[in-house]
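# Structural overview
What follows is the residue order along each chain.
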Amino acid sequence: MSDWRSYATHLECSATGDTFPIDRLQGLSPAGKPLLVRYDLDAVKKNVSRDTILARSADMWRWRELLPVREARHAISLGEIETPLIALERSKHGSAAPIVKDEGRLPTGSFKARGLCMAMSMAHGFGVKRVAIPTNGNAGAAMVAYASRVGIESFCFCPEDTPEVNVREIALQGGRVWRVNGLINDCGKIVREGVEAAGWFDISTLKEPYRIEGKKTMGLELALQFGFDNLPDVVFYPTGGGTGLIGMWKAWQEMQQLGWIKGKLPRLVAVQADTCAPIVKAYDEGKTHAELWPNAHTIASGIRVPAALGDFLILDAVRKSGGFAAAVSDKQIEAAVTRVAQEDGLLLCPEGAATYAAYADALAQKKIAPTDKVVLFNCASGLKYPMPPADARLDITKPIDYAALLAGRI
Ligand SMILES: *Cc1c(COP(=O)(O)O)cnc(C)c1O
């Protein structure tokens, strides 16, 4: 890709607005807050058009001017495709069919690939040799995949109840992985304290500035897929650390400044499980920061995040967009997985199913209109999660009773 150029100019503290150089590897700002990558948008506007982007192959890197990776050779790729939009024609609730953006098609089977692809490409560009992450599963798997591809050593620390498939995929892809008898924040502490002792770079959510930029491509992509000027009315997003929600909002701000999108931006809905809903609570109470959620648990492990470093950024984006925050139960999540699988043939992950349950609630509560153009994020492949058993068997030594078979008696 000979026309590779990033227009990133500096990093900016999300709390104080202080700026920092772009050409040095950075973690948190001195204020202990996430750093945001800023671009020379005037120059992008002058030199790059929507048509330039459209003429390129449909993957994450078509947006390279708006990404921080400075050289083509630093970009690590496992095929970050533009993910499809799939309308739920049969499982709609008497409304316009909601549209699922199916992120389960990405490398490592989750949208964590977007953020970790960017973070690891930057780490690779800066010559980092060792990385570590606290993870509920998908983030670790994505980090390890990209790290192994360029020979970076990787270390993952998971809460004890992390799904087996995630722990094993991390190990199989060359990462070192431990189950920790604590929660995700305990795992985060191990990583933080190991920065000195073990000499690794901390890839925790929002503790380095580049994952947001990878997740930002979801917002860029959605705009493109909706013809730029015709964005969805409402986007339901399963919110854990909030990287994606913050990233999408950032994407649309930048596109507005570039004159690439016009009209109203989508209302952002932060969806959480009612057994781990710190953002929903803070939203309902009109607070700017969330409190730690005690005893967090849910089958949707990707959104089991009791405290998010970027809580104030999530709440700000939700409010500025005119959206809201909503919590659903594990029971609703399970029912949503079954309904969408059986009526529309799409296997959602529990976190994706949470957005479907929240959409149904919002329609019933008239928080959204039946005519609204709705996008639901399915953030991982449903194949990575436990499924209900199916154990009917046939004995070929006996005649098959087809009538009984059709009637479901055998
Ligand atoms: C990480 C994750 C989420 C939450 O995403 P954030 O952008 O960090 O809020 C949701 N679902 C799945 C499957 C995840 O792995």
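None of these values were measured; they are calculated from a predicted model.

Conventions adopted
Residues numbered from 1 in each chain as written. Predicted model: local features only at pLDDT ≥ 70, side-chain atom pairs only at ≥ 80, totals over all residues. Heavy atoms only, no water. Helix = DSSP H or I, 4+ residues; strand = E, 2+ residues; numbered from the N terminus. Rg over C-alpha atoms; globule rule 2.2 N^0.38 Å. Buried < 20%, exposed > 50% of the residue type's maximum accessible area, 1.4 Å probe, protein only. Near = heavy atom within 4 Å. Polar contact = N/O pair within 3.5 Å; in protein donor to acceptor, adjacent residues only side chain to side chain. Areas by Shrake-Rupley, 256 points an atom, 1.4 Å probe, with all protein chains shown as cover. Nonpolar A, V, L, I, M, F, W, Y, C, P; charged D, E, K, R; others polar. Axes fitted to C-alpha atoms, helices over the stretch in contact; angles between N-to-C directions. Parallel < 35°, antiparallel > 145°, perpendicular 65-115°, else oblique. Left-handed = near helix turned anticlockwise from the far one by under 90°. Contact = heavy atoms within 4.5 Å. Salt bridge = Lys/Arg side-chain N within 4 Å of Asp/Glu carboxyl O. Pairing = 2+ DSSP bridges. UniProt positions renumbered as here; feature names shortened; annotations may be inferred. Phe/Tyr/Trp six-rings, centres within 6.5 Å; stacked < 30°, edge-to-face > 60°. Lys NZ or Arg CZ within 6 Å of the ring centre and 35° of its normal.

Below, the discussion takes up the overall build of the protein. Counting its regular elements, the protein contains 13 helices and 13 strands. At 21 Å, the protein has a C-alpha radius of gyration in line with the 22 Å of a compact globule built from 410 residues. Its C-alpha atoms put the protein at 75 × 50 × 45 Å along the principal axes. When each of the 410 residues of the protein is scored for burial, the buried share is 56%.

Let's shift gears to the site of the ligand. The environment of the ligand is made up of 18 residues, and the closest members are Lys112, Lys215, Tyr237, Gly240 and Gly242. Gly242 has a polar backbone atom sitting 2.7 Å from an oxygen atom of the ligand. Considering the ligand on its own, with 380 Å² of exposed area, one finds that the protein chains cover 97% of that surface. For the shell around the ligand, the secondary-structure elements that each account for two or more residues are β10 (234-238) and α8 (243-258). Of the residues that constitute the shell around the ligand, the class distribution is seven nonpolar, eight polar and three charged.

With that settled, consider the packing of α8 against helix α10 (residues 311-320). Where α8 contacts α10, the two axes come as close as 9 Å, and the packing angle between them is 50°. Compared by their axis directions, α8 and α10 come out oblique. Considering only the axes of α8 and α10, their crossing is left-handed. Mapping the contact onto sequence places Leu245, Ile246 and Trp249 in α8 and Leu313, Ile314, Ala317, Val318 and Lys320 in α10. The class makeup of the residues in the contact of α8 with α10 is seven nonpolar, no polar and one charged.

Once that is clear, we can look at the pattern of salt bridges. Opposite charge on two side chains lets them pair, provided their charged atoms get close. Under the definition given, this model contains 29 salt bridges. Put simply, Arg38 and Glu12 hold a salt bridge, and the shortest N to O gap is 3.3 Å. Here the residue Arg38 occupies a position in strand β3 (residues 35-39), and Glu12 occupies one in strand β1 (residues 8-13), the gap between them amounting to 26 residues. Overall, Arg38 belongs to the partly exposed group, its relative accessible area being 25%. You can call Glu12 partly exposed: its relative accessible area is 22%. Several salt bridges share partner residues, and in doing so they unite Asp3, Arg56, Arg64 and Glu65 into one network.

Looking now at the sheet that holds strand β9 (residues 201-202). Overall, parallel pairing links the four strands, which are arranged β8-β7-β6-β9 in an open sheet. Strand pairing shows two members of the sheet lacking a second neighbour, β8 (176-180) and β9, which therefore form its edges. Two strands pair when backbone bridges link them, and strand β6 (residues 130-134) and strand β7 (residues 153-159) are joined in this way by five bridges, in the parallel orientation. Of the residues in β7, the one forming a bridge with Val131 is Ser154. The strands that helix α6 (residues 184-198) touches are β6, β7, β8 and β9; relative to β6, the one it contacts most, it runs at about 160°.

Mapped onto the fold, Asn136 is located in the loop between β6 and α4 (138-149). On the accessibility criterion, Asn136 (12% relative accessible area) is buried. Engagement of the side chain of Asn136 in a polar contact is seen with the backbone oxygen of Ser301, the distance being 3.3 Å. Leaving out residues up to four positions away in the same chain, Asn136 has contacts with Pro159, Thr162, Pro163, Asn166, Ile184, Ser301, Arg304 and Val305.

Residue alternation in strand β5 (residues 99-102) divides its side chains into two sets, Ile99 and Lys101 and Val100 and Asp102, and both sets are buried. Of the strand pairs in this sheet, strand β4 (residues 85-87) and β5 are connected by three bridges, and their pairing is antiparallel. Residue pairing for β5: Leu85 is matched across the bridge by Lys101. Here β5 pairs with strand β13 (residues 374-378) via four bridges, running parallel. Each residue of the ladder has a partner; that of Lys101, found in β13, is Phe377.

The UniProt record marks residues 76-379 with the feature "domain: Tryptophan synthase beta chain-like PALP" (unreviewed entry), using the residue numbering of this structure. Annotation note: span residues 76-379, helix share 42%, strand share 16%, distance between end C-alpha atoms 21 Å.

Next up on the list: the packing of aromatic side chains. According to the stated counting rule, one finds nine aromatic pairs in the structure shown. Seen from their ring centres, Phe111 and Tyr237 are 5.8 Å apart, and the 25° between their planes marks the pair as stacked. Residue Phe111 is found in the loop between β5 and α3 (112-125), and its partner Tyr237 is found in strand β10; the two are separated by 126 residues along the sequence. Taken individually, Phe111 and Tyr237 each receive the classification buried, so the pair is uniform in this respect. Note on Phe157 and Trp200: the rings are 5.7 Å apart at their centroids and 50° apart in plane angle, and the pair reads as tilted. In this pair, Phe157 sits in strand β7 while Trp200 sits in the loop between α6 and β9, placing the two residues 43 residues apart along the sequence. Pair check on accessibility: Phe157 and Trp200 agree, each one buried. Taken together, the ring pairs connect Phe155, Phe157, Trp178 and Trp200 into an aromatic cluster. One cation-aromatic arrangement involves Arg5 over Tyr7; the distance from NZ or CZ to the ring centre is 4.2 Å. The aromatic ring of Phe111 is capped on one face by Lys215, whose charged end is 3.8 Å from the ring centroid.

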